[in-house]
Number of protein chains: 2
Amino acid sequence: MASDEQHFTSEGHQWTPQAGFLSGIPSIGVIKPASKGPSNKVHDVLVIGAGYAGLTALRDLTVAGHDVMLVEARDRIGGRTWSSNIDGYAFEMGGTWVHWNQPFVWRELARYGMSKDLEVSPVTGKGLDRARFVKPDGSSVDLSREEEFNTLDTAVRKFVNVDGQYGRLLIPFPHNPHFNAEDVARYDAMSFADRFAQIEHDVTPLQLQLLKTFLSVTSGGTMENSAFFEFLRWWALNNYDLRGLSELCLTYKLRDGQSALARQLFDDAVATGHLTYRFGAPVASVTDPAGDGPVEVRTRAGETFRARRVVATVPLNVLNDISWSPPLLAGKRKAAAQGHVNHCTKVHAEVANPDLRSFTGYHWEGPLSWTFGDGITPAGNTHLVCFGPSYPGIQLKPASDAGRGALAAVKAFAPSEMADVRRLVFHDWNEDEFAKGTWEFLAPGMATNYLDDLRRRQGRVLFASADWAMGWRGFIDGAIEDGANAAMELALEFRAAKEGQQPDRNAGKRVLHNFLMAGWPS
Amino acid sequence: MASDEQHFTSEGHQWTPQAGFLSGIPSIGVIKPASKGPSNKVHDVLVIGAGYAGLTALRDLTVAGHDVMLVEARDRIGGRTWSSNIDGYAFEMGGTWVHWNQPFVWRELARYGMSKDLEVSPVTGKGLDRARFVKPDGSSVDLSREEEFNTLDTAVRKFVNVDGQYGRLLIPFPHNPHFNAEDVARYDAMSFADRFAQIEHDVTPLQLQLLKTFLSVTSGGTMENSAFFEFLRWWALNNYDLRGLSELCLTYKLRDGQSALARQLFDDAVATGHLTYRFGAPVASVTDPAGDGPVEVRTRAGETFRARRVVATVPLNVLNDISWSPPLLAGKRKAAAQGHVNHCTKVHAEVANPDLRSFTGYHWEGPLSWTFGDGITPAGNTHLVCFGPSYPGIQLKPASDAGRGALAAVKAFAPSEMADVRRLVFHDWNEDEFAKGTWEFLAPGMATNYLDDLRRRQGRVLFASADWAMGWRGFIDGAIEDGANAAMELALEFRAAKEGQQPDRNAGKRVLHNFLMAGWPS
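- By the naming in an unreviewed UniProt entry, chain A is monoamine oxidase, taken from Dactylonectria macrodidyma.
- You can read under Sequence similarities (unreviewed entry) in the UniProt record for chain A the words "Belongs to the flavin monoamine oxidase family."

## Re the overall build of chain A
- Summing up its helical and strand segments, chain A has 15 helices and 24 strands in all.
- At 23 Å, chain A has a C-alpha radius of gyration in line with the 24 Å of a compact globule built from 522 residues.
- For chain A, the residues scored as buried account for 63% of the 522 residues in total.
- For chain A, the distance from the average site of its 53 positive side-chain charges to the average site of its 61 negative ones is 4 Å.

## Examining the pattern of salt bridges
- Within the structure shown, the criterion is met by 78 salt bridges over all chains.
- For K41 of chain B, the salt bridge is made with D67 of chain B, and the minimal N-O distance between the two is 3.4 Å. Taken together, the residues K41 of chain B in the loop between β5 (35–36) and β6 (42–48) and D67 of chain B in the loop between α1 (52–63) and β7 (68–71) connect sequence positions 26 residues apart.
- Residue class for K41 of chain B comes out partly exposed when judged on its relative accessible area of 37%.
- With relative accessibility at 15%, the residue D67 of chain B sits in the buried group.
- Overlapping salt bridges, with partners in common, bring together E11, R74, R76 and D432 of chain A in one network.

## Here's the deal with empty space enclosed by the protein
- Per the stated rule, a full pass over the model turns up 6 cavities of 30 Å³ or more.
- Looking at the second largest cavity, its volume works out to about 130 Å³.
- Lining of the second largest cavity is provided by 15 residues; of these, F104, A484 and N485 of chain A together with R107 and R111 of chain B occupy positions nearest its centre.
- Every element with two or more residues in the lining of the second largest cavity is listed here: α1 (52–63), α2 (103–111) and α14 (476–498) of chain A together with α2 (103–111) of chain B.

## Things to note about the state of the cysteines
- This model, assessed by the stated rule, comprises 0 disulfides over all chains.
- Unpaired in terms of disulfides, C386 of chain A finds its nearest cysteine sulfur in C344 of chain A, a separation of 11 Å.

## Re the packing of aromatic side chains
All names here are of chain A.
- Counted according to the given criterion, the structure contains 58 aromatic pairs over all chains.
- Ring centres 5.0 Å apart and planes at 70° place the aromatic pair F159 and F228 in the edge-to-face group. With a gap of 69 residues between them, F159 in helix α3 (residues 145–160) and F228 in helix α7 (residues 228–237) connect regions that are remote in the sequence.
- Relative accessible area serves as the criterion here: at 0%, F159 is assigned to the buried category.
- Given a relative accessible area of 0%, F228 falls into the buried group.
- Judged by centre distance (4.9 Å) and plane angle (75°), the rings of F173 and F179 are edge-to-face.
- Residue classification places F179 among the partly exposed positions, given a relative accessible area of 46%.
- Through pairs of rings, three or more aromatic residues link up here, namely F159, Y187, F192, F196, F214, F228, F231, W234, W235, F441, W472 and F475.

## Details of the confidence of the model for chain A
All names here are of chain A.
- A residue-level look at chain A finds 93% of positions with pLDDT of 70 or above and a mean pLDDT of 92.
- Throughout residues 507–522 the model reports pLDDT below 50, and contacts reaching past four residues in sequence, or to other chains, amount to 27 contacts.
- Interface scoring of the predicted complex returns ipTM 0.93; its pTM is 0.94.

## Description of α3 of chain A
- When the terminal C-alpha atoms of α3 of chain A are compared, their 22 Å separation across 16 residues agrees well with the 22 Å that a helix rising 1.5 Å per residue should span.
- Listed in full, the buried residues belonging to α3 of chain A are E148, T151, L152, D153, A155, V156, F159 and V160 of chain A.

## So, the sheet that holds strand β21 (residues 370–376) of chain B
Residue and element names in this part refer to chain B.
- The sheet built from 9 strands is open, its strands ordered β3-β2-β23-β19-β22-β21-β20-β11-β12 with mixed pairing. Two strands in the sheet have a free side with no partner beyond their single neighbour: β3 (20–23) and β12 (140–143). Neighbour-to-neighbour, the strand axes of the sheet open up by a mean angle of 20°, direction not taken into account.
- The sheet contact formed by strand β20 (residues 360–363) and β21 spans 3 bridges and is antiparallel. Bridged to T360 within β21 is F372.
- Strands in contact with helix α6 (residues 205–219) are β11 (131–134), β12, β20, β21 and β22 (382–388); relative to β11, the strand with the most contacts, it is inclined by about 100°.

## Regarding the side chain of R80 of chain B
All names here are of chain B.
- Tracing the chain through its elements places R80 in the loop between β7 and β8 (83–86).
- Residue classification places R80 among the buried residues on the basis of a relative accessible area of 18%.
- Side-chain polar atoms of R80 contact the backbone oxygen of T438, separated by 3.0 Å.
- Apart from residues lying up to four places away in sequence, R80 is in contact with G94, G95, P315, H340, W429, A435, G437, T438, W439, E440, S465 and D467.

## A closer look at the sheet that holds strand β12 (residues 140–143) of chain A
All names here are of chain A.
- Strand order in this open sheet of 9 strands is β3-β2-β23-β19-β22-β21-β20-β11-β12, and the pairing throughout is mixed. Two strands close off the open sheet at either side, each with one partner strand: β3 (20–23) and β12. Each neighbouring strand pair of the sheet contributes to a mean axis angle of 20°, computed without reference to strand direction.
- Across 3 bridges, the pairing between strand β2 (residues 13–16) and strand β23 (residues 421–426) is antiparallel.

## A look at the environment of V160 of chain B
All names here are of chain B.
- Relative to the assigned elements, V160 resides in helix α3 (residues 145–160).
- In this structure the C-alpha to C-alpha distance between V160 and H274, which are 114 residues apart in sequence, comes to 48 Å.
- Leave out the neighbours within four places in its chain, and V160 touches Y166, G167, R195, F231, L232 and W235.

## Quick look at unusual backbone geometry
All names here are of chain A.
- In this chain, K32 is followed by P33 through a cis amide linkage whose omega measures -10°.
- Within the fold, P33 resides in the loop between β4 (26–27) and β5 (35–36).
- In this structure, N239 takes a positive phi of about 60° despite not being glycine.
- Mapped onto the secondary structure, N239 falls in the loop between α7 and α8 (242–250).
- Within the chain, Y240 stands out as a residue other than glycine whose phi angle is a positive 55°.

## Looking at the packing of α2 of chain B against helix α14 (residues 476–498) of chain B
All names here are of chain B.
- α14 packs onto α2 with a crossing angle of 80° between their chain directions and a minimal axis gap of 7 Å. Judged on the interaxial angle alone, α14 and α2 are roughly perpendicular. Residues P103, F104, V105 and E108 of α2 form the contact with α14, whose own contacting residues are I476, D477, I480 and E481.

## Observations concerning helix α7 (residues 228–237) of chain B
All names here are of chain B.
- For α7, the buried fraction is high: 10 of the 10 residues fall into the buried class.
- Its buried side turned inward, α7 meets α3, α4 (181–188), α5 (192–199), α6, α8 (242–250) and α13 (446–455).
- Looking one or two residues past α7, N239 carries a phi angle of roughly 60°, positive in sign.

## A look at the pairing of β3 of chain B
Residue and element names in this part refer to chain B.
- Summarising the sheet, strand β2 (residues 13–16) and β3 pair through 4 bridges and their orientation is antiparallel. Each bridged residue has a counterpart across the sheet, and for W15 the counterpart in β3 is F21.
- Linking two consecutive strands that pair antiparallel, namely β2 and β3, is a turn of 3 residues.

## Describing the layout of surface pockets
Residue and element names in this part refer to chain B.
- In this structure, the second largest pocket encloses a volume near 1300 Å³.
- If you list the elements that add at least two residues to the lining of the second largest pocket, you get β10 (118–120), α3, α8, β20 and β21.
- If one sorts the elements of the lining of the second largest pocket by residue count, α8 sits on top with 6 residues.
- In terms of residue class, the lining of the second largest pocket is made up of 21 nonpolar, 10 polar and 9 charged.

## With respect to the environment of R456 of chain B
Residue and element names in this part refer to chain B.
- Structurally, the position occupied by R456 is in the loop between α13 and β24 (461–463).
- Sequence separation between R456 and R145 is 311 residues, and the spatial gap between their C-alpha atoms is 45 Å.
- Beyond its immediate stretch of four places on either side in the chain, R456 contacts L329, K332 and F463.

## Points about the pairing of strand β17 (residues 304–312) of chain B
Residues and elements named next belong to chain B.
- Summarising the sheet, β6 and β17 pair through 6 bridges and their orientation is parallel. Looking across to β17, one finds that L46 is bridged to V310.
- Pairing analysis gives 4 bridges linking strand β16 (residues 295–299) to β17, with the strands arranged antiparallel. Counted as the bridge partner of E296 is R306 from β17.
- Counting the residues between successive antiparallel strands, the hairpin from β16 to β17 contains 4 residues, one of them, G302, with a positive phi of roughly 95°.
- Here β17 runs beside β24; their pairing, made up of 3 bridges, is parallel. Residue pairing for β24: V310 is matched across the bridge by V461.

Rules behind the numbers
- Residues numbered from 1 in each chain as written.
- Chains lettered and ligands numbered in written order.
- Predicted model: local features only at pLDDT ≥ 70, side-chain atom pairs only at ≥ 80, totals over all residues.
- Heavy atoms only, no water.
- UniProt positions renumbered as here; feature names shortened; annotations may be inferred.
- Helix = DSSP H or I, 4+ residues; strand = E, 2+ residues; numbered from the N terminus.
- Rg over C-alpha atoms; globule rule 2.2 N^0.38 Å.
- Buried < 20%, exposed > 50% of the residue type's maximum accessible area, 1.4 Å probe, protein only.
- Lys, Arg positive; Asp, Glu negative; His and termini not counted.
- Charge placed at Lys NZ, Arg CZ, Asp CG, Glu CD.
- Salt bridge = Lys/Arg side-chain N within 4 Å of Asp/Glu carboxyl O.
- 1 Å grid on protein atoms, 1.4 Å probe; cavity = no way out; pocket = protein on both sides within 12 Å on 5 of 7 lines; lining within 4 Å.
- Points joined across faces, edges and corners; volume = space filled by probe spheres on them.
- Disulfide = S-S within 2.5 Å.
- Phe/Tyr/Trp six-rings, centres within 6.5 Å; stacked < 30°, edge-to-face > 60°.
- pLDDT = per-residue confidence, 0-100.
- Contact = heavy atoms within 4.5 Å.
- Expected span 1.5 Å × (residues − 1).
- Pairing = 2+ DSSP bridges.
- Axes fitted to C-alpha atoms, helices over the stretch in contact; angles between N-to-C directions.
- Polar contact = N/O pair within 3.5 Å; in protein donor to acceptor, adjacent residues only side chain to side chain.
- Parallel < 35°, antiparallel > 145°, perpendicular 65-115°, else oblique.
- Nonpolar A, V, L, I, M, F, W, Y, C, P; charged D, E, K, R; others polar.

This is the structure we're talking about:
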């Protein structure tokens with residue numbers, strides 16, 4: 001069903017010693033031609049954005065027979081998750097890893113017959129099978145895998161153990177993380193740095209530095225601007241376990257790349273005959289007029305599209321870049337103005353040294369702070385994926401330094417072993433005007449103060465994004481969850497309208513519960 | 001959307017001291033009137049069976065606009081999973097517990113806005129907070145929760161540790177359990193008893209007896225007829241961890257009962273206007289004729305329904321009770337003739353002693369071998385759920401002993417604390433002609449020998465069931481997975497037929513993979 005043909009997107013960058021830096025890499029996520037279908041009718045639903053939230057919403061709605069128009073700023077589907085196949089190897093530019101404990105993305109993989117198409121990113125036993133820790137002074141120490149795990153595990157467990165049960169009492173339901181709202185608010189007010197102050201007497205310098213390095217690439221922010229609760233939430237989702245976190249968040253990737261899955265959702269929707277779309281069309285304004293008229297979505301180029309309902313899947317950090325009428329709720333505006341803190345950089349390096357397949361590098365205070373072997377390319381080189389926090393920061397944009405920063409930062413993990421870098425590939429999410437950051441990670445207080453407003457529908461406009469999902473917030477899974485939620489809400493609404501009723505998603509359930517409560521002894 | 005009105009089903013039994021035994025209990029899963037819509041047309045799809053596999057298939061197909069007829073033997077939806085609300089309390093007659101790591105059922109809970117409606121079955125700290133172990137001689141020993149867990153955990157870990165990694169190497173992908181097919185076949189040929197012979201020198205008598213009791217209610221069979229691989233598969237699905245198994249399989253239940261979720265799927269399908277149904281209509285024969293004519297499904301009462309495709313969700317143990325033309329594949333026939341081994345009994349007891357809320361009882365060689373406090377009823381009594389293996393066996397059928405066996409078996413866990421039993425509720429799955437057993441648990445060799453055939457489509461007839469699902473086989477999650485799979489296969493087939501093409505579910509993916517492989521160094 002899905003296309004396997006790649007086209008060049010204007011996004012992404014590649015460096016090779018032969019060609020130097022090039023902008024634009026190929027992806028099966030690029031949609032050509034960039035528009036389809038008549039756009040001048042009043043659609044049932046207009047979806048803004050073709051990341052997983054948008055793709056799921058439009059797939060669910062079109063399969064259910066509704067007429068949907070997609071308006072996407074980029075030339076491709078996938079949003080902050082997309083892959084590029086280069087010389088027969090899938091490089092993941094954003095969201096990458098999935099797991100069968102992530103319910104929403106796993107269901108999509110099953111739906112499209114892809115649940116067996118997993119590859120394992122980090123493997124042990126191949127060549128230089130150790131973790132190298134580059135110290136602030138540039139010297140380094142090698143740890144065995146066991147030493148590495150135990151050092152980090154000891155530190156992480158002290159970090160999360162707020163309740164004597166490693167977070168299980170605080171967050172008993174990871175998909176309902178605010179269940180204990182008052183206690184959660186207390187930890188949500190704290191930063192990583194605040195939590196260090198409580199535990200640093202109890203950890204060794206190496207444990208603390210390894211922990212900080214690890215945390216810096218979960219949040220992509222600073223120790224001061226990353227909310228402690230956000231990590232507690234990750235921890236709970238990962239079954240309260242470091243091995244769980246490693247397995248669920250960093251181990252299993254799609255052999256053919258994430259764009260292969262995104263393409264399945266998109267092509268499924270196209271095949272229904274109910275999808276109209278326009279790529280390369282950044283939205284300038286969304287107007288939900290008083291009265292019965294349709295919502296109007298206007299692009300920067302001045303085209304106007306109309307629909308009975310809109311699902312906006314615009315990321316948090318660019319929510320204020322669209323003009324909304326009526327204006328966004330105060331919580332949405334403030335949250336977007338502050339922005340989530342994740343400005344992580346991700347750089348792929350192909351290195352002519354197959355002995356790096358099992359290598360892991362930590363470089364606290366390096367512009368890239370963490371790397372591990374992620375595969376062997378068809379050319380026989382090791383593919384390493386490298387992450388860096390937003391501070392002290394690396395300027396990836398080729399125009400500014402022609403990539404010298406990225407190349408030096410990669411080599412710094414292990415100068416002699418990584419001497420022969422054959423390729424770099426990356427997407428500079430922080431310079432991306434439609435993302436302005438990577439995966440969602442909130443600052444202290446933001447979850448408590450803004451999530452309710454962020455999730456709130458405004459009139460005929462619904463907001464769906466991984467950035468405010470209930471479960472795997474900030475992950476592919478959360479995007480699919482939230483997109484499906486929006487689609488279901490609208491499907492029920494259209495159904496009720498057809499029957500002349502008010503939609504009542506939980507009618508039966510609520511009545512039954514009242515009955516239960518009525519029978520309870522007081 | 002879902003109805004909250006309960007009707008009496010002919011199924012299930014209840015005993016109270018006042019009324020004695022009664023057959024038939026109420027459920028919102030009972031559908032009245034029992035039939036809907038014209039049945040004399042050729043439907044797109046006829047679904048046999050309204051368990052979760054059938055409900056998922058018919059919901060997915062009707063939402064996608066296909067015309068579906070459901071034919072169900074019983075007077076209710078849910079198959080081997082259904083609940084009865086009695087005096088304001090939901091009793092689960094079959095499948096009960098769910099978890100956010102079970103992707104398919106979790107997605108359904110989210111779809112219907114029910115993912116926050118969880119209750120915790122076993123809780124600690126309420127009254128008699130301990131595990132009582134009744135020995136074969138009738139004497140008993142009390143264990144603290146920690147002693148109980150450590151005793152069982154030590155034994156289970158020795159039981160599963162076939163690879164020095166507690167099964168992780170043998171089954172690295174729990175949703176693709178035969179990934180290491182050769183090694184798996186070796187363990188699939190072994191029974192629990194065979195595995196005991198390898199480890200019993202290394203465990204204490206108490207550890208072994210606790211392990212056997214625990215295993216007896218995972219398999220519902222004997223130590224000799226339960227396949228060792230089946231438990232290894234459970235273990236892998238539960239994140240290779242006893243605490244994981246307890247949390248994923250035995251902790252979180254739906255406040256309003258499973259029939260509330262089943263009803264959401266059914267009512268969703270009804271609301272599309274594309275569903276026709278007939279309850280109380282056991283199927284006698286399924287005929288897929290040569291040539292282009294539709295498949296004919298004939299009921300015992302002699303009615304005939306026709307459809308372009310059939311999805312049969314008939315459980316393994318009753319598959320041979322329908323006459324199939326052409327005949328079932330040999331593997332299907334043989335597997336059904338042998339049958340899965342699970343003849344577990346499940347009995348709910350309401351006991352006038354709130355101190356039992358945190359109580360757990362083990363009774364190796366008792367007719368019911370395991371119980372734990374599962375809730376407090378509106379009347380203030382403890383609800384205990386009790387399980388028994390099929391051997392030495394308990395005859396639950398009221399006609400045979402008016403329930404004396406069940407009552408005595410319940411009280412045997414703790415005669416003085418359980419003196420005042422106020423109610424028993426159960427469904428006798430082994431005497432149920434449409435189930436002939438409880439959740440699927442295969443005998444040695446069956447997975448290796450029969451699963452491929454069981455999963456195989458025959459002409460225009462597809463087979464979907466938890467009993468041969470890929471992931472959570474034998475669980476609610478597996479039923480939903482397999483039903484969704486069948487629906488997707490048919491939806492793609494109808495779509496391709498409309499476009500005059502062959503359906504090719506994985507076209508793009510396969511081509512891409514060939515490309516990858518072609519680029520790989522030889």
